[in-house]
Amino acid sequence: MSNLELDPREIRCGADAGPEVGAGGEVLMGREVPLGGPRAMLVSRTLPGVHRRMIGAWCFVDAYGPQRATMRVPPHPHTGLQTVSWLVEGEVLHRDSLGTLQEIRPGQLNLMTAGRGISHSEESPETVLHGVQLWVALPGEHRHTGPAFEHHPALPVLSGPGFEATVVMGSLGGVASPATAFSPLVGAQIAVDGTCEVPLSPGFEHGVLLLDGAIEQLEAGAMVYLPPGRSALRLSGRGRVLLIGGEPFGEEIVMWWNFVGRTHDEIAAFRKDWMEGEGFGAVEGFDGAPLPAPVLPAIRLKPRGRVR
């Protein structure tokens, strides 16, 4: 999914971290963002925030639905990241400049590695849509890799008393996803029924987002951030949550519109190439024009780290 904001802001794209919850956690309140113009689909964006901009290599989290909507995201570019598409309800058709045509349904993973540059579109019939769109920043040594796409129709599951976790990216409790990852991380959907303890990697920082149901200490539209040092996550209630995490990302990045780079000039070059039809290929089969890039801000974009 594209960041369809008409005026994307590199340093004002989230909300300040809220009060602490639990042992050392903090609440990252989501910001409501309309995507797609007058008949926009509303999403809740918890990353990046003004204070906390990344969790591991995860640099972008949009949660949406459940809402009845028609998704229509025209062809648009990406660089320096992976897009992770996860549905709780609904269906979305992905097309990209590699020639991929792939539908995604709940429980399946669409993973697109942008690397040095790719373009794609997403669309759905009018239906109930509920899911999350996430981006993973590629580390320096991999950010110019060739573009790629993966579809995983079935993913491994870690089960324990009171929970069942579908491992979407990375590994959890010794269970590893087949999806390609370029840094140590985890992404999982956890179904909770009662009280449970989910194993965590102590070297990772983590984020927990309520998808549906009722889980203690979690509220809709907010993510709980947990710093490194935890070996387990205790959850109580009934519902589903998204868990993301990874080793703290050591590089500063520039994130603007649909690009992840390292400098203002690099982002400006990506924008120029896209507007001139260079470097990102063409998406065949979409009935409509590509998205034009917004105008760059008057001030230079600055590289920023995990926290501001």
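Just so it is clear, the model here is predicted, and its values are computed rather than measured.

**What to know about the overall build of the chain**
Then comes step 1: Secondary structure summary: the chain contains one helix and 22 strands in total.
Then comes step 2: In summary, the chain has a C-alpha radius of gyration of 18 Å against a globular reference of 19 Å for 308 residues, a match within 12%.
Then comes step 3: Seen through its principal axes, the chain has C-alpha atoms that stretch 55 × 40 × 35 Å.
Then comes step 4: Classification of the 308 residues of the chain by burial places 56% in the buried group.

**Notes on the sheet that holds strand β6 (residues 72-78)**
Then comes step 1: Spatially, the four strands line up as an open sheet ordered β6-β11-β8-β9, and their pairing is antiparallel. Every interior strand has two partners, whereas the edge strands, β6 and β9 (101-104), have only one. This sheet shows a mean twist of 20 degrees between the axes of neighbouring strands, independent of strand direction.
Then comes step 2: Looking at chain direction, strand β8 (residues 92-96) and strand β11 (residues 118-123) are connected through four bridges and run antiparallel. Residue pairing across strands places Arg-95 opposite Ser-121, the latter belonging to β11.

**What about empty space enclosed by the protein?**
The gaps left among the atoms become clear once a water-sized probe is rolled over them.
Then comes step 1: For the structure on display, the rule yields five cavities of 30 Å³ or more.
Then comes step 2: Its volume calculated, the second largest cavity comes out at about 50 Å³.
Then comes step 3: Around the second largest cavity, the lining is made up of ten residues, and of these Tyr-64, Ser-85, Val-92, Glu-122 and Gln-133 lie nearest the centre.
Then comes step 4: No other element matches strand β7 (residues 81-89), which puts three residues into the lining of the second largest cavity.
Then comes step 5: For the lining of the second largest cavity, the per-class residue count stands at seven nonpolar, two polar and one charged.

**Considerations on unusual backbone geometry**
Then comes step 1: Cis geometry is adopted by the peptide bond preceding Pro-48, which originates at Leu-47 and carries an omega value of 0 degrees.
Then comes step 2: One can find Pro-48 in the loop between β4 (41-47) and β5 (58-69).
Then comes step 3: Between Gly-65 and the following residue, Pro-66, the backbone shows a cis peptide bond with an omega angle of 0 degrees.
Then comes step 4: For Pro-66, the location among the structural elements is in strand β5.
Then comes step 5: Not every positive phi belongs to a glycine, and Gln-217 is a case in point at roughly 70 degrees.
Then comes step 6: For Trp-257, which is not glycine, the phi torsion reads 50 degrees and is therefore positive.
Then comes step 7: Mapped onto the secondary structure, Trp-257 falls in the loop between β21 (254-256) and β22 (259-261).

**A word on helix α1 (residues 264-275)**
Then comes step 1: Here α1 is twelve residues long and its end C-alpha atoms lie 17 Å apart, about the 16 Å a rise of 1.5 Å per residue gives.
Then comes step 2: Every buried residue of α1 is listed here: His-264, Glu-266, Ile-267, Phe-270, Arg-271 and Trp-274. Along the long axis of α1, the arc covered by the buried residues comes to 165 degrees, so they all point the same way.
Then comes step 3: Contacts made by the buried residues of α1 are with β6, β11, β21 and β22.

**Re the side chain of Asn-110**
Then comes step 1: Here Asn-110 lies in strand β10 (residues 109-113).
Then comes step 2: Assessed through its relative accessible area of 4%, Asn-110 is described here as buried.
Then comes step 3: Separated by 2.8 Å, the side chains of Asn-110 and His-151 make a polar contact.
Then comes step 4: With residues near it in sequence (within four places) discarded, Asn-110 still touches Thr-83, Val-84, Ser-85, His-94, Gln-102, Glu-103, Ile-104, Phe-149, Glu-150 and His-151.

**Focus on the nonpolar core**
Then comes step 1: Counting residues in hydrophobic clusters, the biggest one holds 40 residues, and the most contacted among them are Cys-59, Val-84, Met-169 and Ile-244.
Then comes step 2: For Met-169, the contacting residues outside a window of four places in its chain are Trp-58, Gln-82, Val-84, Leu-109, Leu-111, Ser-177, Ala-179, Thr-180, Ala-181, Leu-185, Val-186 and Gly-187.
Then comes step 3: The next biggest cluster of nonpolar side chains, apart from the first, holds 24 residues, and it includes Ala-165, Val-208, Val-224 and Leu-233.

**Here's the deal with the environment of Glu-219**
Then comes step 1: Along the polypeptide, Glu-219 turns up in the loop between β18 (205-215) and β19 (222-226).
Then comes step 2: Glu-219 gets classed as partly exposed once you look at its relative accessible area, which sits at 44%.
Then comes step 3: Along the chain, Glu-219 and Leu-209 lie ten residues apart, while their C-alpha atoms are 8.2 Å from each other.

**Overview of the packing of aromatic side chains**
Then comes step 1: As enumerated under the stated definition, the model contains six aromatic pairs in all.
Then comes step 2: For the ring pair Trp-257 and Phe-259, a centre distance of 5.7 Å and an interplane angle of 80 degrees mean the geometry is edge-to-face. Considered together, Trp-257 and Phe-259 belong to a single accessibility category, that of buried residues.
Then comes step 3: Here the aromatic cluster, defined as three or more aromatic residues joined through ring pairs, consists of Trp-256, Trp-257, Phe-259, Phe-270, Trp-274 and Phe-280.
Then comes step 4: In this arrangement the basic side chain of Arg-52 is found over the ring face of Tyr-225, its NZ or CZ atom lying 3.6 Å from the centre.

Calculation notes
- Residues numbered from 1 in each chain as written.
- Predicted model: local features only at pLDDT ≥ 70, side-chain atom pairs only at ≥ 80, totals over all residues.
- Heavy atoms only, no water.
- Helix = DSSP H or I, 4+ residues; strand = E, 2+ residues; numbered from the N terminus.
- Rg over C-alpha atoms; globule rule 2.2 N^0.38 Å.
- Buried < 20%, exposed > 50% of the residue type's maximum accessible area, 1.4 Å probe, protein only.
- Pairing = 2+ DSSP bridges.
- Axes fitted to C-alpha atoms, helices over the stretch in contact; angles between N-to-C directions.
- 1 Å grid on protein atoms, 1.4 Å probe; cavity = no way out; pocket = protein on both sides within 12 Å on 5 of 7 lines; lining within 4 Å.
- Points joined across faces, edges and corners; volume = space filled by probe spheres on them.
- Nonpolar A, V, L, I, M, F, W, Y, C, P; charged D, E, K, R; others polar.
- Expected span 1.5 Å × (residues − 1).
- Arc of directions from axis to C-beta.
- Contact = heavy atoms within 4.5 Å.
- Polar contact = N/O pair within 3.5 Å; in protein donor to acceptor, adjacent residues only side chain to side chain.
- Core = buried A, V, L, I, M, F, W, Y, C linked by side-chain atoms within 4.5 Å.
- Phe/Tyr/Trp six-rings, centres within 6.5 Å; stacked < 30°, edge-to-face > 60°.
- Lys NZ or Arg CZ within 6 Å of the ring centre and 35° of its normal.

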